[in-house]
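Results of the structural survey
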Amino acid sequence: MGCPYAGASAYWYPVMPTDADASDEALMLGYRDGDAGAFDALYLRHKGGVYRYLLRQCRNAALADELFQDVWMNLIRARAGYTVQAKFSTYLYRIAHNRLMDHFRRNNPGSVSLDDETIVSIDEPAAARSFEPEVGTDVRQQAAHLLVLLDALPAEQRAAFLLQHEGGLSIEEIAVATGVTRETAKSRLRYAIAKLRQGMQAWQ
Amino acid sequence: MAVTPEPNMERDPQLAAVYRAASGEEPPGHLDAAIRAAARREVDAGPARTRKVRFGNWGVPLSLAAVVVLSVSVVLMMQQEGADRIESLTHPIPAQVVPRAADTGIGNDAARSLAVEEAVPQRMPAPAPAAVRPESAKSVAETAPQPAAKRRDDANELRTLESNAVRATTAAEADHAQGDLGAKRERVPAAPALSPLRSAPAPIAGESAVGAGLADPRAPAAAMADAPEKAALWRDLVDAPPEKWLQRIVELRRAGKTADAAAVVGEFRRRFPAERVPEESH
């Protein structure tokens with residue numbers, strides 16, 4: 001792959017040919033055992049998704065930068081004790097979710113917790129139809145509208161949607177990352193999708 | 001109208017496609033550099049696993065070694081303390097008794113040994129107090145060693161027996177008493193030669209002397225040696241028959257020399273235990 005790094009550092013860190021094919025768990029184990037290149041590969045794979053997850057949740061770029069750096073520093077410090085107990089992405093996004101919760105509790109103690117289960121009513125007709133983007137509509141406009149709708153979702157539903165689309169987590173993995181039951185995670189995700197779909201249909 | 005979402009609504013490919021088009025944000029470059037540099041510093045600091053294991057390898061053995069050392073030290077200290085305590089119980093200090101023997105003026109070994117014997121706690125049960133009967137007195141005499149108080153009791157008993165023997169009205173009773181007295185004298189050689197016959201209060205006041213007399217088998221000769229003037233009273237009667245002795249006793253009593261008469265009586269009884277001593281007539 002060549003040099004994956006293009007930063008201010010004077011060091012050039014080659015990426016091992018096998019790093020691209022290695023699983024996340026194997027790369028993390030390699031980093032635990034002293035392979036800094038394995039960490040670089042991991043970081044490249046997941047930095048965008050973690051950053052956007054935090055950005056969508058806190059809605060502040062500066063705060064997202066701070067939380068983002070904290071998440072990766074926590075991962076680095078915990079490398080010695082890492083063992084494969086779940087998917088690496090689940091492990092990583094659980095660190096990100098916990099760091100986010102710590103921020104919310106410290107700054108807004110009375111705010112609604114992301115772990116709260118809220119039942120939101122959904123318009124049946126809109127929910128029954130699948131979302132089909134209108135031909136000719138600017139995709140970027142649709143994307144922008146989707147982000148607006150996403151921002152309007154309850155935090156826990158938004159988290160479920162983002163974990164699925166940014167982290168590629170399954171319902172079970174979303175439940176582990178957010179510390180809720182599978183049914184709760186499933187319900188949140190379904191409500192989030194239903195609302196987004198309804199909102200997109202209504203916008204079109 | 002509230003409606004439960006339809007099942008199988010966990011995924012929507014169209015929404016996913018639209019969302020992918022909207023997700024272009026990336027972390028700034030300085031964050032990338034900082035994070036990757038921190039990751040390399042963590043690796044360069046040394047294998048965290050090795051450092052942790054090193055401490056983990058030595059922590060438990062050192063703790064166990066410390067526990068063992070402390071336990072052994074405590075056990076040894078307790079054993080030494082217990083040994084010292086046992087030794088103090090089995091070897092009491094008798095030093096305070098020795099000056100008493102010295103103060104009495106008796107410097108012989110018998111006095112000192114008796115003093116020590118008095119100081120040592122008597123573990124043997126004390127024999128039953130002897131009644132004023134010859135049989136019990138005999139059994140007491142046969143029990144040795146005896147404390148000084150007990151020997152004092154024996155001397156008093158001997159004196160009582162002697163007085164009973166003198167007052168006896170029948171020859172058979174007197175012979176029996178004298179025979180018992182003689183038997184008693186044979187078994188208690190020291191006491192009759194000393195304190196009971198000198199004077200009445202002497203046996204109690206001269207406890208150490210009595211004890212010294214009982215403890216020393218050479219007491220009769222010693223008593224005679226200590227009273228040369230007494231020996232002179234019967235020097236001329238050494239080979240004389242009992243009648244001569246009795247005549248001398250009567251003469252001394254008539255002369256008012258009761259002490260001399262008592263000394264001669266004592267020697268007469270020692271030499272002629274079967275003979276009867278006449279009563280004092282004053």
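Per chain, residue numbering runs from 1 following the sequence as it is written. As they are written, the chains are lettered A onward and the ligands numbered 1 onward, keeping that order. Local features in this predicted model are restricted to residues of pLDDT 70 or higher, and side-chain atom pairs are both shown and tallied only at a pLDDT of 80 or more, whereas totals for entire chains, interfaces and linings draw on every residue. The basis for every side-chain value is the complete set of non-hydrogen atoms in the structure, without hydrogens or water.

1. A look at the overall build of chain A
Helix and strand assignments follow DSSP, with helices taken as H or I runs no shorter than four residues and strands as E runs no shorter than two, numbered in order from the N terminus. Across its full length, chain A carries nine helices and zero strands. Ordered by position from N to C terminus, the α and β elements of chain A give α-α-α-α-α-α-α-α-α. With 204 residues in all, chain A has 50% of them scored as buried. Should any heavy atoms of two residues lie within 4.5 Å, those residues are counted as being in contact. Within chain A, counting contacts between residues at least 6 apart in sequence, those at least 24 apart form 68% of the total. The Shrake-Rupley method, run with a 1.4 Å probe, gives the accessible areas here. Residue values count only the displayed protein chains as cover. Element-wise, carbon and sulfur atoms account for 52% of the exposed surface of chain A, whose accessible area totals about 9,200 Å². With a 1.4 Å probe rolled over the protein chains alone, any residue whose accessible area is under 20% of its type maximum counts as buried; one over 50% counts as exposed, and the rest are partly exposed.

2. With respect to the nonpolar core
What we call a nonpolar core is a set of buried Ala, Val, Leu, Ile, Met, Phe, Trp, Tyr and Cys residues that are connected through their side-chain atoms within 4.5 Å. In terms of nonpolar packing, the biggest core is built from 62 residues, with A:Phe39, A:Val50, A:Tyr53, A:Leu54, A:Phe68 and A:Trp72 touching the most fellow members. At twelve residues, helix H2 (residues 36–58) of chain A tops the list of elements feeding residues into this core. Taken domain by domain, the makeup of this core includes at least three residues from each of domain 1 (8–107) and domain 2 (128–203) of chain A. With residues up to four places along the chain from it excluded, the contact list for A:Phe39 reads A:Tyr31, A:Trp72, A:Leu75, A:Ile76, B:Ile35, B:Arg36 and B:Ala39. By size, the runner-up hydrophobic cluster in this structure holds 14 residues, among which are B:Ala231, B:Trp245, B:Ile249 and B:Phe268. Either an automatic procedure or a domain database provided the assignment from which the domain bounds are taken.

3. Comments concerning the confidence of the model for chain B
Detailed reading of predicted coordinates is not advised where the pLDDT is low. Residue and element names in this part refer to chain B. Averaged over every residue, the pLDDT of chain B is 67; the share at 70 or more is 43%. One number per residue, pLDDT, summarises how confident the predictor is, and it ranges from 0 to 100. The low-confidence segment residues 113–123 (pLDDT under 50) makes 13 contacts with residues lying over four places distant or belonging to another chain. Here the predicted complex carries an ipTM of 0.80, next to a pTM of 0.49.

4. As for a nonpolar patch on the surface
All names here are of chain B. Patches draw on residues past 30% relative accessible area with no salt bridge. Two like charges within 9 Å are joined, as are two nonpolar side chains (Val, Leu, Ile, Met, Phe, Trp, Tyr) within 5 Å. What makes a salt bridge here is a side-chain nitrogen of Lys or Arg within 4 Å of a carboxyl oxygen of Asp or Glu, nothing more. Nonpolar side chains collect at one region of the surface, where Val68, Val72 and Leu76 lie side by side and expose about 270 Å² of accessible area between them. As for its placement among the helices and strands, Val72 is situated in helix H3 (residues 48–90). By relative accessible area, Val72 is classed as partly exposed at 44%.

5. Notes on helix H4 (residues 88–107) of chain A
Residues and elements named next belong to chain A. Helix span, as expected, comes to 1.5 Å for every residue beyond the first. Taking 1.5 Å as the rise per residue, H4 with 20 residues should run 28 Å; its terminal C-alpha atoms sit 29 Å apart, in good agreement. Along H4, the residues that are buried comprise Phe88, Ser89, Thr90, Leu92, Tyr93, Ile95, Ala96, His97, Arg99, Leu100, Met101 and His103. Close packing links the buried residues of H4 with helix H1 (24–32), H2, helix H3 (61–77), helix H7 (155–166) and helix H8 (171–178).

6. Quick look at the pattern of salt bridges
Under the counting rule described, the total for this entry stands at 23 salt bridges over all chains. Across the pair A:Lys47 and B:Asp32 runs a salt bridge, and its minimum N-O distance is 3.0 Å. Here A:Lys47, found in helix H2, pairs with B:Asp32, found in helix H2 (residues 29–44), and the two come from separate chains. A:Arg52 serves as the salt-bridge partner of A:Glu166, at 3.0 Å between the closest nitrogen and oxygen. Note that A:Glu166 is positioned in helix H7 and A:Arg52 in helix H2, a separation of 114 residues in sequence. Among the charged side chains, a salt-bridge network with shared partners connects A:Asp40, B:Arg36 and B:Arg40.

7. Side note on the packing of aromatic side chains
Between two aromatic rings, the relevant description is the distance of the centres plus the angle of the planes. Residues and elements named next belong to chain A. Only centres within 6.5 Å qualify two rings of Phe, Tyr or Trp (six-membered ring in Trp) as a pair; their planes then separate them into stacked at under 30 degrees, edge-to-face at over 60, and tilted for everything else. Taken as a whole and judged by the stated rule, the model has 14 aromatic pairs over all chains. Seen in terms of ring centroids, Phe39 and Tyr43 are 6.2 Å apart; in terms of plane orientation they differ by 20 degrees. Their pairing is stacked. Taken together, the positions of Phe39 and Tyr43, both in helix H2 and four residues apart, correspond to about one turn of that helix. For the pair Phe39 and Tyr43, a shared accessibility class is recorded, and that class is buried. Their ring planes at 55 degrees and their centres at 5.3 Å tell us that Tyr82 and Tyr91 sit as a pair that is tilted. By way of ring pairs, the aromatic residues Tyr31, Phe39, Tyr43, Tyr51, Phe68 and Trp72 are connected into one cluster. Two thresholds decide whether a charge sits over a ring: the Lys NZ or Arg CZ must be within 6 Å of the ring centre and within 35 degrees of the ring normal. The ring of Tyr31 has Arg79 lying over it, and the distance from NZ or CZ to the ring centre is 5.5 Å.

8. Here we look at the environment of A:Leu54
Residues and elements named next belong to chain A. Here Leu54 lies in helix H2. Take Leu54: its relative accessible area is 0%, and that puts it in the buried class. Each C-alpha atom, one on Leu54 and one on Arg99, is 9.5 Å from the other, the two residues being 45 residues apart in sequence. In contact with Leu54, other than residues within four places in its own chain, are Arg59, Ala64, Leu67, Phe68, Val71, Ala96 and Leu100.

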